[in-house]
Amino acid sequence: MQHDAALGGFSTRAIRAAGRSPRLAQEPTAVPIYQTATFRAADSTELADVLTNRRPGYAYSRIDNPTAAALAAAVAELEGAAEGFAFGTGMGAIFAALASQLSAGDEVVASNALYGSTRSLIEHELRRFGVTARYVDATDHAAVEAALTPATRVLYVETISNPTIVVADLARLAAIARRHDVALIVDNTFASPYLCRPIEFGADLVVESATKWIAGHSDVLAGIVCGDRERMAAVRALQVDTGGIVAPFSAFLVLRGLTTLAVRMERHAATALALAQYLEARRDVVVRVYYPGLASHPQVEVARRQLRTGGGMLAFDLGSREGGRAFLDALELGERTASLGSVHTIAVHPPSTTHRQLDAAALERAGIAPGLVRMSVGLEDTDDLLADLSRALDAARAAARP
Ligand SMILES: *Cc1c(COP(=O)(O)O)cnc(C)c1O
């Protein structure tokens, strides 16, 4: 190819040719992965207007990206929220939700049954910026009310909490939050919008680790914050300033997960109920079962009002640390990994893993028995999971025997 003055040299032509997006007469049925950092403006006025939010559009993918925006809009719609933004991880979303509502001197009142990294974020990071925290039993509404002070700006709870599967009464907590003019932020990760829509119960902001049930296949990390336009304006400003946006390919994978969330959650819940009922019948080794779909659950009335099904998370107490560990080691089908909300059944023994930093007294205060096992029920065949459970329970019984 000779140099052509009109078209430019090879490099110029290659860059132009390879950067020309196809003009489509038909819309694709799947949202495309807009793997681009920048978007071309027609002129300098358009670029300035887009960058300053005077007209809709895209300029730079840290500020917004069409694949990320499609994910955020889809989850916001399913949560019943006016607006949503998608983040690179659940923790990125939680940081943005908290930091957008808090300033130095403010207080956050949080449930003492909290995801470990959320507690660490509050204690290790927010505290350095002058935010203080108090922790309460979120099912004790008098204690929640008593913990709120004029400096409290945020009440933070999880719909279903880790690892003891406590169900928070969101309508009651929202009423308390409104009375004291504080924002109720709800982490809906263990439930997913299929089980529960916290906005409908009065939550101001909802956060999700989309890494879990929404994406559902343990192959991507993402987070979402949803809420009303005013609060989301602050969340968005923080997202742009801190660079928390989800990557386009990750957003694509989460969107794909979202399309099958309902059918997956129905199957996860049906299998979880069967396992919970089996565990409850194994009185020879199981001391207690915690599953919102069982009549024995401490907040069964709240669960019936608030959750579509019992969901895919359950926990049970095998009576001793040895029993819990032996159960984990004997599993053949269940995966020993730290996450949840996947096609695989995943089991953890919190006292020796996620909550290993807590001593016996602290474990007791958090309601975590030494033999507690938490299970995220996958999509394997129920009979295979029951057989695995039966084998592992026998191992736990043998290990617990003096
Ligand atoms: C996993 C999880 C998070 C954090 O999400 P990441 O995507 O891992 O950052 C927050 N809250 C709950 C309840 C979780 O299970």
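> Just to check I follow, could you spell out the overall build of the protein chain for this structure?
In terms of regular secondary structure, the protein chain is built from 15 helices and 11 strands. Relative to a compact globule of 402 residues, whose C-alpha radius of gyration would be 21 Å, the protein chain shows 24 Å and is just as compact. Taken along the three principal axes of its C-alpha coordinates, the protein chain extends 90 × 55 × 35 Å. Counting over 402 residues, the protein chain shows a buried share of 50%. Long-range pairs, those at least 24 residues apart, make up 72% of the contacts in the protein chain between residues at least 6 apart in sequence. Summed over all atoms, the accessible surface of the protein chain reaches about 18,600 Å², with 52% contributed by carbon and sulfur. Averaged over its 39 positive side-chain charges, the protein chain has a centre that lies 3 Å from the centre of its 44 negative ones.

> Would you mind going over the environment of alanine 369 with me for this structure?
Examined against the element boundaries, alanine 369 turns out to sit in the loop between helix H14 (360-365) and strand E11 (372-376). Linking alanine 369 and glutamate 145, residues 224 residues apart in sequence, is a C-alpha distance of 27 Å. Discounting residues that sit within four places of it in the chain, alanine 369 has contacts with Asp317 and Pro351.

> Teacher, can you tell me more about the site of the ligand here?
Not every one of the 13 residues close to the ligand is listed here, only the nearest: Met91, Asp187, Ser209, Thr211 and Lys212. Within the side chain of aspartate 187, one N or O atom sits 2.7 Å away from a nitrogen atom of the ligand. Taking serine 209, its side chain carries an N or O atom lying 2.8 Å from an oxygen atom of the ligand. If the ligand stood free it would expose 380 Å²; the protein chains cover 93% of that surface. Ranked by residues supplied to the shell around the ligand, first place goes to helix H4 (residues 90-101) with 3 residues.

> Explanation requested: the domain arrangement of the protein chain in the structure shown.
Taken domain by domain, the protein chain consists of domain 1 (61-258) and domain 2 (261-400). The gap between the C-alpha centroids of domain 1 and domain 2 is 25 Å. Taken residue by residue, the interface counts 30 residues in domain 1 and 37 residues in domain 2. Between domain 1 and domain 2 lies a buried interface of about 2,900 Å² when both sides are counted; carbon and sulfur atoms form 63% of it. Among the residues domain 1 hides against domain 2, the three largest losses belong to Tyr194, Leu195 and Trp213. Together they make up 30% of the total. Taken together, the links from domain 1 to domain 2 amount to 1 salt bridge. Applying the counting criterion to the domain 1 and domain 2 interface returns 16 residue pairs in polar contact (both at pLDDT 80 or more). Of all the secondary-structure elements, those providing two or more residues to the side of domain 1 that touches domain 2 are helix H7 (170-179), helix H8 (192-195) and helix H10 (248-259). Looking at which element gives the most residues to the side of domain 1 that touches domain 2, the answer is H8, with 4 residues. The residue makeup of the side of domain 1 that touches domain 2, split by class, is 19 nonpolar, 9 polar and 2 charged.

> What should I look at first to understand helix H11 (residues 261-281) in this one?
Spacing of three or four residues puts side chains on the same side of an α-helix, whose turn is 3.6 residues. Between its terminal C-alpha atoms H11 stretches 30 Å, which fits the 30 Å expected from 21 residues at 1.5 Å a residue. Looking at H11, one finds that the buried residues are Leu261, Arg264, Met265, His268, Ala269, Thr271, Ala272, Leu275, Ala276 and Leu279.

> So what exactly am I meant to see when it comes to the nonpolar core here?
As a rule of thumb, soluble globular proteins bury nonpolar side chains together. Ranked by internal contacts, the top residues of the largest apolar core, which has 61 residues, are Leu71, Leu155, Val157, Ile160, Leu184 and Val254. Taken domain by domain, this core gets at least three of its residues from each of domain 1 (61-258) and domain 2 (261-400). In this view, valine 254 contacts Leu71, Ala210, Ile214, Ala215, Val220 and Ala222; residues no more than four positions away in its chain are not counted.

> What should I look at first to understand the side chain of aspartate 64 in this one?
With respect to the secondary-structure elements, aspartate 64 resides in the loop between helix H2 (44-51) and helix H3 (66-79). Aspartate 64 has contacts with Phe39, Tyr58, Ala69, Arg236 and Ile245, leaving out every residue within four places of it along the chain.

Conventions adopted
Residues numbered from 1 in each chain as written. Predicted model: local features only at pLDDT ≥ 70, side-chain atom pairs only at ≥ 80, totals over all residues. Heavy atoms only, no water. Helix = DSSP H or I, 4+ residues; strand = E, 2+ residues; numbered from the N terminus. Rg over C-alpha atoms; globule rule 2.2 N^0.38 Å. Buried < 20%, exposed > 50% of the residue type's maximum accessible area, 1.4 Å probe, protein only. Contact = heavy atoms within 4.5 Å. Areas by Shrake-Rupley, 256 points an atom, 1.4 Å probe, with all protein chains shown as cover. Lys, Arg positive; Asp, Glu negative; His and termini not counted. Charge placed at Lys NZ, Arg CZ, Asp CG, Glu CD. Near = heavy atom within 4 Å. Polar contact = N/O pair within 3.5 Å; in protein donor to acceptor, adjacent residues only side chain to side chain. Domains from an automatic or database assignment. Buried area = accessible area lost by both parts, 1.4 Å probe. Salt bridge = Lys/Arg side-chain N within 4 Å of Asp/Glu carboxyl O. Nonpolar A, V, L, I, M, F, W, Y, C, P; charged D, E, K, R; others polar. Expected span 1.5 Å × (residues − 1). Core = buried A, V, L, I, M, F, W, Y, C linked by side-chain atoms within 4.5 Å.

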